[in-house]
Amino acid sequence: MTLPPLAAYPALRLRRPRQADWSRRLVRESVMTPADLIWSMVVHEGEGRIPVASMPGIERLSVAECAKAAVEARDLGIPAIAVFPYIDGSTKDAAGSRAADPDGVVSRAVRAMKAAAPEVGIMCDVALDPFTDHGHDGLIVDGRIDNDSTIEKLVEQALVQARAGCDILAPSDMMDGRVGILRKALEAEGFQDVMIMSYAAKYASAFYGPYRDAIGSGKLGTLGPSDKKTYQQDPANSDEALREVALDIAEGADMVMVKPGMPYLDIIQRVVETFSMPTFAFQVSGEYAMIMAAAQNGWIDEERAILESLGAFKRAGCAGVISYFAPRAAKLLGA
Ligand code: PBG
């Protein structure tokens, strides 16, 4: 950018529109509203609400509490809820068998939420990790995460979720080819209206730590690899994210996601500019925990940090954000 000559400066006062709230609002380039939020929610198999230690302010909700939360989402103008299950450890196995249980806690939560607030969209994670005793998103064959047998299992799980009334299937497993196979299975079963939001560019990130606490996922390495680097992306890569997104779009994804959010704003911007697809960021558990920990220490202003962190995704071009802050943010935005 070439700057104008020095003599022009007194007239070029960029602070002029910043001087009042009305003029700041008038020139604002991006706006966040409750309609940009997807509420990330954890459901458990028991009763009531159970706090998650590493995520202050977040509780696992019973099925009945999820239904109440769906009504709250509707009243707050939040369009959709993403539901994640906490499963009793003693009922997990290496095959993640309960992932495809038609009466499992995810199905029950989806049915209860759709009954309580049918106008709220429900999104389900298609992945095995809440259900496997080894904590991986895939099936382990000869010590490796096996792509194709995992997809078969994911299809079973996704069809159970669709039958329960789920509106958006969100495969978060990062197996190759799963979006296309899921799409075909949905069409074949008459679920042509069920959408797919693919976790298209999902990184092998340290920021998922508190989530694994929230959903009670096993410690990796007991069986199979000690990390998810053979399926989730290398945080150093950017072009690879574009290849992942391109494939998922070609395979039939309706919406794409970049995950985590804040450390990957550059990826979000590239994806939006390259594909012009509805692109979502997942503000993950570690991002939530960082903001809350700093705020609870009095080191940052909690409410401002929540809104600023979410607003960054809109500025980067996102259609919306999946966030544990959704209900709080919607209240702050509505105030
Ligand atoms: C796994 C899954 C993860 C999250 C959503 N789905 C964790 C992982 O990949 O290990 C993370 C969500 C969060 O950190 O808030 N299928």
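Please refer to the structure placed before this passage.
Numbering of residues begins from 1 in every chain and follows the order in which that chain's sequence is written. The predicted nature of this model means local features are confined to residues of pLDDT at least 70 and side-chain atom pairs, given and counted, to a pLDDT of 80 or more, with totals for whole chains, interfaces and linings taken over all residues. Side-chain metrics in this entry use all non-hydrogen atoms of the structure; hydrogen atoms and water are not considered.

## Some remarks on the pattern of salt bridges
- We define a salt bridge as a contact between a side-chain nitrogen of Lys or Arg and a carboxyl oxygen of Asp or Glu at a distance within 4 Å. Tallied over the full model, the rule gives 21 salt bridges.
- Its salt-bridge partner being E65, residue K68 comes within 3.0 Å of it at the nearest N-O pair. One end of the pair is K68 and the other is E65, both in helix α2 (residues 63-76) and 3 residues apart, which spans about a single turn.
- Each residue is placed in one exposure class: buried if its accessible area under a 1.4 Å probe, protein chains only, is under 20% of its type's maximum, exposed if it is over 50%, and partly exposed if it falls in between. Given the relative accessible area of 53%, K68 is considered exposed.
- When its relative accessible area of 14% is taken as the criterion, E65 is described as buried.
- For D248, the salt bridge identified is with R178, shortest N-O distance 3.3 Å. Here D248 is found in helix α7 (residues 239-250), whereas its partner R178 is found in helix α5 (residues 178-188), with 70 residues between them in sequence. The helix and strand labels rest on DSSP assignments: H or I over at least four residues marks a helix, E over at least two residues marks a strand, and numbering proceeds from the N terminus.

## Some thoughts on a positive patch on the surface
- Each patch is built from salt-bridge-free residues with over 30% relative accessible area, joining like charges within 9 Å and nonpolar side chains (Val, Leu, Ile, Met, Phe, Trp, Tyr) within 5 Å. Accessibility throughout is a Shrake-Rupley quantity obtained with a 1.4 Å probe, and a residue counts as covered only by protein chains that appear here. Just so you know, the count uses Lys and Arg for positive and Asp and Glu for negative, and it drops His and the chain ends. For the purpose of locating charges, the reference atoms are NZ of Lys, CZ of Arg, CG of Asp and CD of Glu. Together, R13, R15, R16 and R18 make up a region of like positive charge exposed at the surface.
- Among the structural elements, R18 can be located in the segment before α1 (21-27).

## With respect to the packing of helix α10 (residues 302-316) against helix α11 (residues 326-334)
- Lines fitted to the C-alpha atoms define the axes, with helices restricted to the stretch that makes contact. Angles between their N-to-C directions range from 0 to 180 degrees. Where α10 meets α11, the closest approach of the two axes is 10 Å, and the angle between their N-to-C directions is 100°. Taken together, the axes of α10 and α11 are roughly perpendicular relative to one another. Between α10 and α11, the residues in contact are E302, E303, I306, L307 and L310 and R328, A329, L332 and L333, respectively.
- Here the residues of the contact of α10 with α11 sort into 6 nonpolar, no polar and 3 charged. With respect to orientation, any angle under 35 degrees is reported as roughly parallel, any angle over 145 as roughly antiparallel, any angle of 65 to 115 as roughly perpendicular, and every other angle as oblique. Here a residue-residue contact requires only that any non-hydrogen atoms of the pair lie within 4.5 Å. Here the term charged refers only to Asp, Glu, Lys and Arg, the term nonpolar to Ala, Val, Leu, Ile, Met, Phe, Trp, Tyr, Cys and Pro, and the term polar to all other amino acids, Gly among them.

## Brief notes about helix α4 (residues 147-164)
- Here, expected helix span is obtained from the residue count minus one, scaled by 1.5 Å. Under the 1.5 Å per step criterion, the end-to-end length of α4 is 26 Å for 18 residues, consistent within 8% with the ideal 26 Å.
- Just past α4, the residue G165 takes up positive phi, approximately 115°.

## A look at the state of the cysteines
- Working definition: a disulfide is two cysteine sulfur atoms within 2.5 Å of each other. Throughout the structure, instances matching the rule amount to 0 disulfides.
- Here C124 stays unpaired: no disulfide links it, and the sulfur of C166, its closest cysteine neighbor, is 3.5 Å away.

## Digging into a nonpolar patch on the surface
- Together, L3, L6, Y9 and L12 give the surface a local cluster of nonpolar side chains, amounting to about 450 Å² of exposed area.
- Exposure remark for L3: the relative accessible area of 64% places this residue in the exposed category.

## A short note on the site of the ligand
- Throughout, near means a residue has at least one heavy atom within 4 Å of the molecule or strand. Lining the immediate environment of the ligand, one finds 17 residues, of which S172, K202, R212, K259 and Y324 sit closest.
- Between the ligand and the protein, one listed contact pairs an oxygen atom with a side-chain N or O atom of K228 at 2.7 Å.
- Counting of polar contacts relies on pairs of N or O atoms within 3.5 Å, with two restrictions inside protein: one atom must be capable of donating a hydrogen and the other of accepting it, and residues adjacent in sequence are counted only when both atoms are side-chain atoms. Within the side chain of Y324, one N or O atom sits 2.6 Å away from an oxygen atom of the ligand.
- Surface burial for the ligand is 100%, taken as the share of its 400 Å² of free accessible area covered by protein chains.
- The residue makeup of the shell around the ligand, split by class, is 7 nonpolar, 3 polar and 7 charged.

## A short note on α5
- Burial in α5 covers these residues: R178, V179, G180, L182, R183, A185 and L186.
- Packed against the buried residues of α5 are β5 (121-126), α4, β8 (168-171), β9 (195-202) and α7.
- After α5 finishes, the residue G190 shows a positive phi value of roughly 85°.

## Here we look at unusual backbone geometry
- Cis geometry marks the peptide bond from K259 to P260; its omega dihedral reads -10°.
- One non-glycine residue, D142, lies in positive phi territory at about 50°.
- The topology assignment puts D142 in the loop between β6 (139-141) and β7 (144-146).
- D142 gets classed as exposed once you look at its relative accessible area, which sits at 75%.
- Here the phi dihedral of M174 falls at roughly 65°; this positive angle occurs in a residue that is not glycine.
- Mapping M174 onto the fold places it in the loop between β8 and α5.

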